[in-house]
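Fold and geometry: a report
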Amino acid sequence: MSKTIIVAIDETQLSSFKQTVDSLNSDLCMIKVGSVSFNAIGHEALTYAASKGFEIFLDLKLHDIPNTVKKSIEGLISLPIGMMTIHTSGGLEMMKAAKKAVAGTNIKIFGVTALTSLSDDDTSAIFQRTAVNQVKEMLDLAQEAQIDGVICSPHELDLVVERKSLLSITPGI
């Protein structure tokens, strides 16, 4: 996980995915494969990117009961991935189960604190608190669960920096 630029590829056709990968330099960036490409293309997207020398960030934002998340991750750890995402709102036990699933591997677990598309009205309706307060609560849980880091808005980086044990990734906006 040495690259600071992560390029998201959201293609649904393998040919387009390969064309995009081929246009990039693995020395300069890593590749994020999210649910769009993973659901459409599957494992082949990951193996192709890895064959071209790219580090891979699998962004599936898993969110389920702890045992299901653990088993889902166990089914993915043989793939060439360096990091993957879960939703921190899945709770402490789910995050711990995710960490347990990657034990003995070099895969890092990153938690999504709150989707950047959510407004304060949304977070108030869903979580009964503002987006910033939701992020703070999720950061506390992420730190307690000892996951590797979080995905957060650039506006929330100062909240992450206070928690030295967490790495952070911010989406390009």
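Please read these numbers as outputs of a predicted model, since none were measured by experiment.

1. Re the overall build of the chain
A count of helical and extended segments in the chain gives eight helices and seven strands. Against the 2.2 N^0.38 benchmark of 16 Å for 173 residues, the chain shows a C-alpha radius of gyration of 16 Å, consistent with a compact globule. Projected onto its principal axes, the C-alpha positions of the chain cover 45 × 35 × 30 Å. Buried residues in the chain amount to 42% of all 173 residues. Only carbon and sulfur atoms are counted for the fraction: they give 49% of the accessible area of the chain, which is about 8700 Å². Charge-centre separation for the chain: the mean point of 15 positive side chains lies 7 Å from the mean point of 20 negative side chains.

2. Observations concerning unusual backbone geometry
With phi around 50 degrees, Lys61 is a residue other than glycine that occupies positive phi space. Within the secondary structure, Lys61 is located in strand 3 (residues 56-62).

3. Some details on the nonpolar core
Counting residues in each nonpolar core, the largest one holds 43 residues, and the members touching the most others are Leu58, Ile73, Met84 and Ile86. Element by element, the count of residues in this core is highest for helix 5 (residues 92-101), at five residues. Residues contacting Leu58, with those up to four places away along its chain left out, are Val33, Phe38, Leu46, Leu76, Ile81, Met83, Met84 and Thr85.

4. Side note on the sheet that holds strand 5 (residues 108-112)
One open sheet accounts for seven strands, arranged 1-2-3-4-5-6-7; its pairing is parallel. One side of each edge strand has no neighbouring strand; the edge strands of this open sheet are strand 1 (6-9) and strand 7 (167-169). The average angle at which neighbouring strand axes cross in this sheet is 30 degrees, direction not considered. Inspection of the sheet shows strand 2 (residues 30-34) paired to strand 3 by four bridges, in the parallel sense. Opposite Lys32, over in strand 3, you have Phe57 as the bridge partner.

5. Focus: helix 7 (residues 131-145)
Helix length check: helix 7 (15 residues) gives 21 Å between terminal C-alpha atoms against 21 Å at 1.5 Å per residue, within 8%. For helix 7, the full list of buried residues reads Ala131, Gln134, Val135, Met138, Leu139, Ala142 and Ala145. The buried side chains of helix 7 occupy one side of the element, clustering within an arc of 135 degrees when seen end-on. Looking at the packing, one finds that the buried side of helix 7 touches helix 5, helix 6 (120-127), strand 6 (149-151) and helix 8 (157-161). Positive phi shows up at Gln146, right after helix 7, with a value of about 65 degrees.

6. With respect to the pattern of salt bridges
A full pass over the atoms with the stated rule returns seven salt bridges. A salt bridge links Glu74 to Lys70; the shortest N-O distance between them is 2.6 Å. One end of the pair, Glu74, and the other, Lys70, are both in helix 4 (residues 66-74), four residues apart, so they sit about a helical turn from each other. Accessibility expressed as a relative area gives 36% for Glu74, which makes it partly exposed. By relative accessible area, which is 21% here, Lys70 ends up partly exposed. Note that Glu162 is salt-bridged to Arg163, the shortest N-O span being 3.9 Å. Connected through salt bridges with shared partners, the residues Lys32, Asp59 and Lys61 form a single ionic network.

7. Considerations on the pairing of strand 3
Of all seven residues making up strand 3, six are buried, and the element is well covered by its neighbours. Note: strand 3 against strand 4 (residues 83-87), three bridges, orientation parallel. Within strand 4, the residue paired with Leu62 across the bridge is Ile86. Remark: the strand 3/helix 4/strand 4 crossover connection has right-handed handedness.

Calculation notes
Residues numbered from 1 in each chain as written. Predicted model: local features only at pLDDT ≥ 70, side-chain atom pairs only at ≥ 80, totals over all residues. Heavy atoms only, no water. Helix = DSSP H or I, 4+ residues; strand = E, 2+ residues; numbered from the N terminus. Rg over C-alpha atoms; globule rule 2.2 N^0.38 Å. Buried < 20%, exposed > 50% of the residue type's maximum accessible area, 1.4 Å probe, protein only. Areas by Shrake-Rupley, 256 points an atom, 1.4 Å probe, with all protein chains shown as cover. Lys, Arg positive; Asp, Glu negative; His and termini not counted. Charge placed at Lys NZ, Arg CZ, Asp CG, Glu CD. Core = buried A, V, L, I, M, F, W, Y, C linked by side-chain atoms within 4.5 Å. Contact = heavy atoms within 4.5 Å. Pairing = 2+ DSSP bridges. Axes fitted to C-alpha atoms, helices over the stretch in contact; angles between N-to-C directions. Expected span 1.5 Å × (residues − 1). Arc of directions from axis to C-beta. Salt bridge = Lys/Arg side-chain N within 4 Å of Asp/Glu carboxyl O. Right-handed = clockwise from strand over helix to strand, strands pointing away.

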